[in-house]
Amino acid sequence: MNYHKKSSVTKLMQGIITSASIVLATLSMPAQATDFSGKRVEWIVPFKEGGGSDTWARFYAPMISKNLPGEPVVVVKNIPGGGSTKGANQFQRRAKNNGLNVLGTSGSTQFPYLLGDRRVKYEYQDWHAVLATPTGGVFYVNAELGINSAQDLVKLRNQELKYGSQGATSLDLVPLLALDMLDIDVKAIFGMKGRGAGRLAFERGEVNIDYQTSAAYLKKVTPLVKEGKAIPIMTWGILAEDGSLQRDPTFPDLPHFAEVYEMIHGEAPSGTDFKVWKAFFVAGFAAQKGIFLPKGTSEEVIETWQNAIAKTVESDEFKSRSEKVLGLYPQAIYGDATSAFNTALSISDADKEWVRNWLTKKYNVRF
């Protein structure tokens, strides 16, 4: 698969939206479906327990187990480190192509790859995508900061703000660049093993602002909001078919980033910084998480996995539970999963140079 092939955001969103009809037309198992009876599937998640990727994987794993032929046990194995590069590198080196080893990636796995991070020893072009899960993200603050809405964000400019981060080249690039565009200074405390670790730092009072992807926010942060400890401020939004940002359907009462930018600056965002932010938003959220099989996997095994995921997404169990766990986002399977990652893993050379220079100047990142 050519993950650097250029395709439009519109095509990506249209492809994801049509996934449901493709599922209905192709639910039958292949004639020579691989039988996993008595087997154990190892699903590597390159993050610590408790974050959005871990929540997503543990939600999917038992349902996929039921729909793979032979109902093998699907075990989630967390391998955190290096902003998710440690686990992805291990998958690249060691994964067997028999359908029993899969990798769950996140935007934090994709960003270092896009940026040419020296820690990256993995190659997306080697892998086979069988699921792409879009998601949203919610930015929230400690109630003690004394703000209650996005309109109050300007009050944070004179306060000491701390954010627990996996690293500037991780998925945290999206909130860090967004806050920079809003002229809000933030001290990033790097070294977190995942967004779950950042949330725990927030709960302990070690940092006072945070963001979580939708799955982790719904499960882990909503209780903090109900207790009055966290105040939701904005989402990153979702992409409309014309490429514009719209409100996240899972959190319709919260403004998206472009709305907040206009509130603060009096005009809609534009220019290179917003173009770059949007490119990484696509890579980090429109196809935010994915399930991949390793290089050399046979078409039979790939098709077996595709059909199992299709049956999972169409199951009553998924439909009854997914909104509360994943939010209101359509899942991309079959060719749509490939198309989603083709778009997500594309960035122009000019935008890549701009963001690398910004990261070096702002956070002393060396490439």
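Just so it is clear, the model here is predicted, and its values are computed rather than measured. (Residues numbered from 1 in each chain as written. Predicted model: local features only at pLDDT ≥ 70, side-chain atom pairs only at ≥ 80, totals over all residues. Heavy atoms only, no water.)

Side note on the packing of helix H6 (residues 173-181) against helix H10 (residues 271-286)
Two numbers describe how H6 lies on H10: the axes approach to 9 Å, and their chain directions differ by 155°. Taken together, H6 and H10 sit at an angle that is classed as roughly antiparallel. Judged by the sense of rotation from one axis to the other, the crossing of H6 with H10 is left-handed. Contacts from Leu 173, Val 174, Leu 177, Ala 178 and Met 181 of H6 reach H10 at Asp 273, Phe 274, Val 276, Trp 277, Phe 280, Phe 281 and Phe 285. Taken together, the residues of the contact of H6 with H10 sort by class into 11 nonpolar, no polar and 1 charged. (Axes fitted to C-alpha atoms, helices over the stretch in contact; angles between N-to-C directions. Helix = DSSP H or I, 4+ residues; strand = E, 2+ residues; numbered from the N terminus. Parallel < 35°, antiparallel > 145°, perpendicular 65-115°, else oblique. Left-handed = near helix turned anticlockwise from the far one by under 90°. Contact = heavy atoms within 4.5 Å. Nonpolar A, V, L, I, M, F, W, Y, C, P; charged D, E, K, R; others polar.)

Observations concerning the environment of Asn 208
Relative to the elements of secondary structure, Asn 208 occurs in the loop between helix H7 (195-203) and strand E8 (209-213). Spatially, the C-alpha atoms of Asn 208 and Pro 69 are 47 Å apart, while their sequence positions differ by 139 residues. When neighbours within four sequence positions are excluded, Asn 208 is seen to be in contact with Val 141, Asn 142, Leu 145, Glu 160, Leu 161, Lys 162 and Phe 202. Within polar-contact distance, the side chain of Asn 208 engages the backbone oxygen of Glu 160 at 2.9 Å. (Polar contact = N/O pair within 3.5 Å; in protein donor to acceptor, adjacent residues only side chain to side chain.)

Notes on the nonpolar core
Ranked by size, the top nonpolar core spans 73 residues in total, and within it Phe 139, Leu 153, Trp 236, Phe 257, Trp 277 and Phe 280 carry the most contacts. Ignoring any residue separated from it by four or fewer positions in sequence, one finds Phe 139 in contact with Leu 153, Leu 179, Ile 209, Asp 210, Tyr 211, Ile 231, Pro 232, Ile 233, Met 234 and Trp 236. Counting residues in each nonpolar core, the second largest holds 34 residues, with Val 130, Leu 293, Ala 308 and Phe 318 among its members. (Core = buried A, V, L, I, M, F, W, Y, C linked by side-chain atoms within 4.5 Å. Buried < 20%, exposed > 50% of the residue type's maximum accessible area, 1.4 Å probe, protein only.)

Regarding the environment of Val 225
Relative to the elements of secondary structure, Val 225 occurs in helix H8 (residues 214-226). Judged by relative accessible area, Val 225 falls into the partly exposed class, the value being 27%. Taking the C-alpha atoms as reference points, Val 225 and Arg 204, 21 residues apart in sequence, are found 15 Å from one another. Once residues within four sequence positions are removed from consideration, Val 225 is found in contact with Tyr 217, Ala 230 and Pro 232.

Remarks on unusual backbone geometry
Its identity as a non-glycine residue notwithstanding, Glu 71 has a phi of 45°, on the positive side. Given the relative accessible area of 54%, Glu 71 is considered exposed. The backbone phi angle of Tyr 334 is positive, close to 50°, even though this residue is not glycine. Mapping Tyr 334 onto the fold places it in the loop between helix H12 (316-326) and helix H13 (335-344). Overall, the relative accessible area of 12% leaves Tyr 334 in the buried class.

Considerations on the pattern of salt bridges
Counted under the stated rule, the structure contains 15 salt bridges. Where Lys 155 meets Asp 152, a salt bridge forms, and the shortest distance between an N and an O atom there is 3.7 Å. Take Asp 152: its relative accessible area is 17%, and that puts it in the buried class. Taking the shortest distance from any N to any O, the salt bridge between Asp 351 and Lys 275 comes out at 4.0 Å. Of this pair, Asp 351 sits in helix H14 (residues 349-363) while Lys 275 sits in helix H10, and the two are 76 residues apart along the sequence. Since its relative accessible area comes to 7%, Asp 351 is described here as buried. Salt bridges sharing common partners tie together Lys 66, Glu 317 and Arg 321. (Salt bridge = Lys/Arg side-chain N within 4 Å of Asp/Glu carboxyl O.)

Details of empty space enclosed by the protein
As enumerated under the stated definition, the model contains 2 cavities of 30 Å³ or more in all. Taken as a whole, the largest cavity spans an internal volume of roughly 90 Å³. Contributing to the lining of the largest cavity are 13 residues, with Phe 47, Gly 52, Ser 53, Ser 106 and Arg 195 lying nearest its centre. Of the residues contributing to the lining of the largest cavity, the split by class is 2 nonpolar, 9 polar and 2 charged. Space inside the second largest cavity adds up to approximately 40 Å³. (1 Å grid on protein atoms, 1.4 Å probe; cavity = no way out; pocket = protein on both sides within 12 Å on 5 of 7 lines; lining within 4 Å. Points joined across faces, edges and corners; volume = space filled by probe spheres on them.)

What about the side chain of Asn 101?
Its location among the elements puts Asn 101 in strand E3 (residues 101-105). On the basis of relative accessible area, Asn 101 is assigned to the buried category, the value being 16%. Within polar-contact distance, the side chain of Asn 101 engages the backbone nitrogen of Lys 96 at 2.7 Å. If we skip the residues at most four places from it in the chain, Asn 101 touches Glu 42, Phe 91, Arg 94, Ala 95, Lys 96, Phe 292, Leu 293 and Pro 294.

Some points on H14
Counted at 1.5 Å a residue, the expected span for H14 with its 15 residues is 21 Å, and the 21 Å between its end C-alpha atoms agrees. Within H14, burial applies to Asp 351, Val 355, Trp 358, Leu 359 and Tyr 363. Along H14, the residues classed as buried sweep out an arc of 100° about the axis, all on the same side. Among the exposed residues of H14, those pointing more than 90 degrees away from its buried face are Asp 349, Ala 350, Glu 353 and Lys 361. Among the structural elements, helix H5 (107-115), H6, strand E7 (187-190) and H10 are those in contact with the buried residues of H14. (Expected span 1.5 Å × (residues − 1). Arc of directions from axis to C-beta.)

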